[in-house]
2 protein chains.
Amino acid sequence: MKPDTVYKSALNTTLQLLGNGEFAAGLPSENQLRGQIGVSRTTVRKVLRELTRRGIVVQEDGTKIPGRPVGKDDLYSGPETTSRNEHVEQQFMEWMLRGGIKPGTLINELELARQFGVATNGIREFLIRFSRFGLVEKKRNSGWLFEGFTEDFALELFEIRVMFELRSARLFAELPRESPLWGRLNALKHQHIDLLENIEVRYHDFSSLDNRFHRLVNESSPNRFIDDFSDIITLIFHYHYQWNKADEKERNTAAIMEHLAYIEALQSRNRRLIASACRKHLRSARDTLLRSLAK
Amino acid sequence: MKPDTVYKSALNTTLQLLGNGEFAAGLPSENQLRGQIGVSRTTVRKVLRELTRRGIVVQEDGTKIPGRPVGKDDLYSGPETTSRNEHVEQQFMEWMLRGGIKPGTLINELELARQFGVATNGIREFLIRFSRFGLVEKKRNSGWLFEGFTEDFALELFEIRVMFELRSARLFAELPRESPLWGRLNALKHQHIDLLENIEVRYHDFSSLDNRFHRLVNESSPNRFIDDFSDIITLIFHYHYQWNKADEKERNTAAIMEHLAYIEALQSRNRRLIASACRKHLRSARDTLLRSLAK
DNA sequence: TCATTGCTTTGTATCGATAAAAGACAACGT
DNA sequence: ACGTTGTCTTTTATCGATACAAAGCAATGA
């Protein structure tokens, strides 16, 4: 009843390590391998048994060494290695964003369960988890309401985002000179500059850089509630970037410039400058999002 | 498999309405009753069938009228009328607060399921829902970690609370004179004064007043993320009040005075005064909470 | 025509079972 | 003594089944 996705992805990981030639001199002990791939020894043993059966690993007087080379066919495919939860999340986001679901729609657990090929339980657990993003809401003694990704949602989201970011930016500027975060900020600055130089081909790398930058600012003074909120931002932007490709290069170029101004403001440690650069960037991020919703 | 708690609590509600003499002239239609008690007609019919069987309602040429008087024994008991979810929540809070569970403890779904008399599924769903409060966290491919109600938790909570409350208070002061919220604020002010006069006997009514006051301030300009956060505050204070009874009267008296100062500041519409009264009140609320944690 | 009640279909809340994975214990060799 | 592997026990992830409740449809009567 429980799928063996953990085992399958562990096997894939092991094959990759073998392919990299890491174990040419012989395989490590079960426990060491366990640590490397982050699963239990039970699973490691299962993987090793299977690899031995396939001849990819062979036993030679007491120790295990690599056997025949690894082929493409030895790997398990994507869907086989993702758990039900991840599966449901992807399918749900797809359903929500591409399905043109209108705000106010009632969500039917049974229907989604059939559509996604899981038990209703799985849908329910996902929705409970997902409800913290504020896009769906449980109706008492009844189903779920899809509240939708509306303009109001975006405005409320950004109101909070501005508050949190201004707070973190202010605290960042107060960090002592010797804080390692300054070094990391500078490294990020150079990554921005590099990206800007190759913007023609690498413009979609911005998404990840954006995420790392804003999380770094928050690290100045961690707060679990702000971190939780950042997860919402990350989710929204992750799927929004996939969905809205119009003018991506131009938008990202502008955003990089804003980030650079913001970074320099942080480095100046001038509160006024920081607040203004931060506000300016967030305002244009908000407007971009709103514009893509209006369509 | 699904318990009939909805039916049982609907039956209790109907008995209460009957007891109040509301239906002395004859019962309303199924649909009207449905609206009054907030369940489906299916459930209403089930209730009526049972009440008729017991002779509490009798059929008289076409219409239904009250029959024999309602006795104590006709009511279903508390546990029979609460859903699994509510049950689990109460038991979990009890387990957490009175059980002296240390931060860092691993939570065992199976054990809790046995202890609370539900299927593991129920525990899991509860924990997923509860995790948004930041007190428990899921470990990948393994159990749940109880993070605990620590000093850090309280400090981080209050940092956000201050930000949100200052924002809402500022917006409250900007409401137009004719906003109905001013009237409601004034009504709450008088409730505070009344409570203060009878503080000796009614001091534990403050908890609910406190909650209503802070929610009113937030209503000045609703934001779903702030509302979500308020749920955390409510939960924490709800259980904290039950748990820490020391000096309750004194603490509440002081808090009422602070509220009154805060309300008057709002009514003055003076930003400085508002910010200072708000800060002062939240600082003492935070200190009270911290002091009770230290013990 | 529309509210009322009777009946049917659909959907939700909950349980129990089971395979997979994690974790604990035992035995062994060095 | 301790790291290694072999074996057993506990816990988690997931499914399917089922009683209860909601929602839809039909018939009836004022």
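Residues numbered from 1 in each chain as written. Chains lettered and ligands numbered in written order. Predicted model: local features only at pLDDT ≥ 70, side-chain atom pairs only at ≥ 80, totals over all residues.

### A short note on the overall build of chain A
Across its full length, chain A carries 13 helices and 5 strands. Each principal axis of the C-alpha atoms in chain A carries an extent, and together these give about 70 × 55 × 35 Å. Burial status across chain A gives 20% buried among its 295 residues. A sequence separation of at least 24 residues applies to 66% of the contacts in chain A between residues at least 6 apart. (Helix = DSSP H or I, 4+ residues; strand = E, 2+ residues; numbered from the N terminus. Buried ≥ 20, exposed ≤ 12 C-beta atoms within 10 Å, placed from the backbone. Contact = placed C-beta atoms within 7 Å.)

### Overview of the protein's contact with DNA strand D
In the vicinity of DNA strand D, 36 residues are found, and the nearest of them are Arg84 of chain A together with Val6, Ser40, Thr42 and Gly143 of chain B. Elements supplying a minimum of two residues to the surface near DNA strand D: helix H2 (30-37), helix H4 (84-98) and helix H6 (120-130) of chain A together with helix H1 (5-19), helix H3 (41-54), helix H5 (109-116) and helix H6 (120-130) of chain B. For the surface near DNA strand D, the element with the highest residue contribution is H3 of chain B, accounting for 4 residues. (Near = placed C-beta within 6 Å.)

### Overview of the nonpolar core
Within the largest apolar cluster, 38 residues are counted, with the highest numbers of intra-cluster contacts made by Leu127 of chain A together with Leu127 of chain B. Among the elements of the structure, H4, H6, helix H7 (151-173) and helix H11 (224-243) of chain A together with helix H4 (84-98), H6, helix H7 (151-173) and helix H11 (224-243) of chain B are those that each provide at least two residues to this core. Setting aside residues no more than four positions away along its own chain, Leu127 of chain B makes contact with Val136 and Trp144 of chain B. (Core = buried A, V, L, I, M, F, W, Y, C linked by C-beta atoms within 7 Å.)

### Digging into the relation of the copies chain B and chain A
For these two chain copies, the linking operation is a rotation about an axis paired with a shift along it. Take chain B, turn it by 180°, move it 0.1 Å along the axis, and it overlays chain A with an RMSD of 0.2 Å. Taken together, the rotation and translation describe the operation of a two-fold axis. Residue by residue, 100% of the interface of chain B is reproduced at the interface of chain A, so both copies engage with the same surface. (Least-squares fit on C-alpha atoms with pLDDT ≥ 70 in both.)

### Brief notes about the pairing of strand E2 (residues 63-66) of chain A
Each regular strand shows side chains that alternate between the opposite faces of the sheet. All names here are of chain A. Of the strand pairs in this sheet, strand E1 (residues 57-60) and E2 are connected by 4 bridges, and their pairing is antiparallel. What sits directly across from Val58, in E2, is Ile65. In sequence, E1 turns back onto E2 through a hairpin of 2 residues, with Asp61 there showing a positive phi of about 20°. (Pairing = 2+ DSSP bridges.)

### Examining the interface of chain B and chain A
Taken together, the contact between chain B and chain A spans 18 residues of the former and 18 residues of the latter. Sorting the residues of the side of chain B that touches chain A by element identifies H6, H7 and H11 of chain B as the ones contributing at least two each. Per-element accounting of the side of chain B that touches chain A gives the leading share, 6 residues, to H7 of chain B. Among the residues forming the side of chain B that touches chain A, the class breakdown is 6 nonpolar, 4 polar and 8 charged. (Nonpolar A, V, L, I, M, F, W, Y, C, P; charged D, E, K, R; others polar.)

### Digging into unusual backbone geometry
All names here are of chain A. With a phi angle near 55°, Asn141 is a residue other than glycine that sits in the positive phi range. Considering the arrangement of structural elements, one finds Asn141 in the loop between strand E4 (136-138) and strand E5 (144-146). The exposure class assigned to Asn141 is exposed, which follows from the 12 C-beta atoms found within 10 Å. Its identity is not glycine, yet Arg269 carries a phi of approximately 60°, on the positive side. You can see Arg269 is positioned in the loop between helix H12 (248-268) and helix H13 (271-294). The class for Arg269 is partly exposed, based on 13 C-beta atoms found within 10 Å.

### Overview of the sheet that holds E4 of chain A
Residue and element names in this part refer to chain A. Pairing is antiparallel in the open sheet, where 3 strands are placed in the order E3-E5-E4. This sheet does not close on itself; its edge strands, each paired only once, are strand E3 (106-107) and E4. Two strands pair when backbone bridges link them, and E4 and E5 are joined in this way by 3 bridges, in the antiparallel orientation. Looking at E5, one finds that Lys138 is bridged to Trp144.

### Observations regarding the protein's contact with DNA strand C
The full set close to DNA strand C counts 37 residues, and Tyr7, Ser40, Thr42 and Gly143 of chain A together with Arg84 of chain B are the nearest of them. Mapped onto the surface near DNA strand C, the elements with two or more residues apiece are helix H1 (5-19), helix H3 (41-54), helix H5 (109-116) and H6 of chain A together with helix H2 (30-37), H4 and H6 of chain B. By residue number, the principal contributor to the surface near DNA strand C is H3 of chain A, which donates 4 residues. Split by residue class, the surface near DNA strand C holds 9 nonpolar, 19 polar and 9 charged.

### What to know about the sheet that holds strand E3 (residues 106-107) of chain B
Adjacent strands of a sheet pair through backbone hydrogen bonds, lying either parallel or antiparallel. The antiparallel open sheet is built from 3 strands, whose spatial order is E3-E5-E4 (chain B). Whereas interior strands pair on both sides, the edge strands pair on one side only; in this sheet they are E3 and strand E4 (136-138) of chain B.

### So, H7 of chain A
Here H7 of chain A spans 32 Å end to end across 23 residues, near enough to the 33 Å set by a 1.5 Å rise per residue. Residues of H7 of chain A that are buried: Phe153, Leu157, Ile160, Arg161, Phe164, Glu165, Ser168, Ala169 and Phe172 of chain A. The secondary structure elements touched by the buried residues of H7 of chain A are helix H10 (206-218), H11, H12 and H13 of chain A together with H11 of chain B. (Expected span 1.5 Å × (residues − 1).)

### A look at the environment of Ala277 of chain B
Residue and element names in this part refer to chain B. Assignment of secondary structure puts Ala277 in helix H13 (residues 271-294). Using a count of 22 C-beta atoms within 10 Å as the deciding quantity, one classes Ala277 as buried. Counting along the chain gives 13 residues from Ala277 to Glu264, while the straight-line C-alpha distance between them is 9.1 Å. Discounting residues that sit within four places of it in the chain, Ala277 has contacts with Ala261, Tyr262 and Ala265.

### Structural notes on the packing of helix H8 (residues 180-197) of chain A against H12 of chain A
Residues and elements named next belong to chain A. Two numbers describe how H8 lies on H12: the axes approach to 10 Å, and their chain directions differ by 155°. By the criterion of interaxial angle, the relationship of H8 to H12 is roughly antiparallel. Like other packed secondary-structure pairs, H8 and H12 cross with a definite hand, here left-handed. Side by side, H8 and H12 meet where Leu185, Lys189, His192, Leu195 and Leu196 of the first sit next to Ile256, His259, Leu260, Ile263 and Leu266 of the second. Its residues placed into classes, the contact of H8 with H12 shows 7 nonpolar, 2 polar and 1 charged. (Axes fitted to C-alpha atoms, helices over the stretch in contact; angles between N-to-C directions. Parallel < 35°, antiparallel > 145°, perpendicular 65-115°, else oblique. Left-handed = near helix turned anticlockwise from the far one by under 90°.)

### A word on the environment of Glu258 of chain B
All names here are of chain B. Take Glu258: it is sitting in helix H12 (residues 248-268). The spatial distance from the C-alpha of Glu258 to the C-alpha of Thr43 is 47 Å, given a sequence separation of 215 residues. Residue contacts for Glu258: discarding those within four places in its chain leaves Lys280, His281 and Ser284.

### Considering the environment of Asn252 of chain B
All names here are of chain B. The residue Asn252 is located in helix H12 in this model. For the pair Asn252 and Ala265, spaced 13 residues apart in the sequence, the C-alpha separation amounts to 20 Å. Once residues lying within four places of it in the same chain are set aside, the contact partners of Asn252 are Tyr203 and Phe206.

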